[in-house]
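# What the coordinates show
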Amino acid sequence: MLETLFPETADPNDPLSTGALGGLRDVPPPPPPPTPAEQPPVPPGVTPEPGAVLTAIPGVRETSHVVDVALRRDGLAVVEMELRFASTSRYAAELRYRLPVPPGAAPLSLAVCAGDDGPCREAAPGDGAAYHAAVVARPRDGAPAPVAMLRPEPGAFVLRAAPLLPRGALRLRLRYVMATTQHGGVVRVALPPRPSDLRVVPAIVRLRAEGLLAPALQGAPAAVPVEVDPWRAIEGAAVVPSGGLLTLAQRQPGGTARV
């Protein structure tokens, strides 16, 4: 009787085929839960290092990291960066950003800008007192202009900025110079990776070659900006035209470079 009512089964103890698994073989597994926005995914083998790059109160994170690399014929590269930070905190914040740089890199300028389109202030060696005042300032006393400082360390620049206002944003604009390498008629530049801090974002990288040919970025023609994960090095190259590069001694008397 059961076989007549339910011809799709031959098991009188399972007339509805509830134990049949054949029809479930092609059912895809449920998708994994989304990754929280504050914890960007990292690939296997990369260990997250919270605080290795950005140090600040909870709620502060990097939201944009733009890099512009200019290769030059004189054996130097000029790197310009704009870093944007935002806060969801109810409190004013100070931030510290440890940026790895190539050996021998020299800072040229640092500026801090209020908000997304506010005025910018150039950092200066004598800004210690102004920076301390910005750290201890209270927003209820009026919105103080942010102040930034830079301290070189072996293999890194340590950038500090304050105040980042509650639920506000600020930008850091850094410019530095570094030496390139040349081998076989190809000029190369490499910016070291950043540790996989969960509060930093991938870099949007542009590369220009001044007086050089066939610029390449991350192994591909540098025609458009490239997104580079924090844990990867930024690598650029260009071909030297006939005539080669100028040497350090040829660039300027005394062997110093002018930017």
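For the structure itself, look to the data block above.
Every chain is numbered on its own, with residues counted from 1 as its sequence reads. Local features in a predicted model are, by the rule used here, given only for residues with pLDDT of at least 70; side-chain atom pairs are given and counted only at 80 or more, and totals for whole chains, interfaces and linings are based on all residues. For the side-chain quantities, the full set of heavy atoms in the structure was used; hydrogens and water were omitted.

This part covers the nonpolar core. As used in this record, nonpolar core signifies buried Ala, Val, Leu, Ile, Met, Phe, Trp, Tyr and Cys residues forming a set joined through side-chain atoms within 4.5 Å. Between buried and exposed lies partly exposed: a residue is buried under 20% and exposed over 50% of the maximum accessible area for its type, with that area taken using a 1.4 Å probe on protein chains only. In terms of nonpolar packing, the biggest core is built from 44 residues, with Val67, Phe85, Leu95, Tyr97, Leu172, Tyr176 and Leu191 touching the most fellow members. Should any heavy atoms of two residues lie within 4.5 Å, those residues are considered in contact. The residues touching Leu172, leaving out its near neighbours within four places in the chain, are Met81, Glu82, Leu83, Phe85, Leu95, Leu110, Ala111, Val112, Ala148, Leu159 and Ala161.

Any two strands with at least two DSSP bridges between them are considered paired. Each helix is a run of H or I in the DSSP string that is no shorter than four residues. Each strand is a run of E no shorter than two, and both are numbered from the N terminus. In this sheet, strand 12 (residues 203–210) lies alongside strand 2 (residues 60–72) in parallel orientation, the contact comprising seven bridges. Following the sheet pairing, Ala70 is matched in strand 12 by Arg208. One ladder, built from three bridges, connects strand 12 with strand 15 (residues 226–228); its direction is antiparallel. Directly across from Ile204, in strand 15, lies its bridge partner Glu227.

Along the polypeptide, Thr180 turns up in the loop between strand 9 (169–179) and strand 10 (181–183). With relative accessibility at 14%, the residue Thr180 sits in the buried group. Any N or O atom pair separated by 3.5 Å or less is treated as a polar contact, with the protein-specific requirement of one donor-capable and one acceptor-capable atom, and with residues adjacent in sequence counted only for side-chain atom pairs. Among the polar contacts listed, one links the side chain of Thr180 to the backbone oxygen of Gly75, at a separation of 3.0 Å. Leaving out residues up to four positions away in the same chain, Thr180 has contacts with Leu71, Gly75, Leu76, Ala77, Val187, Arg188 and Val189.

Spatially, four strands are ordered 1-4-8-7 in an open sheet, and the strand pairing comes out antiparallel. On the outer flanks of this sheet lie strand 1 (54–55) and strand 7 (147–153), each paired with one strand and no other.

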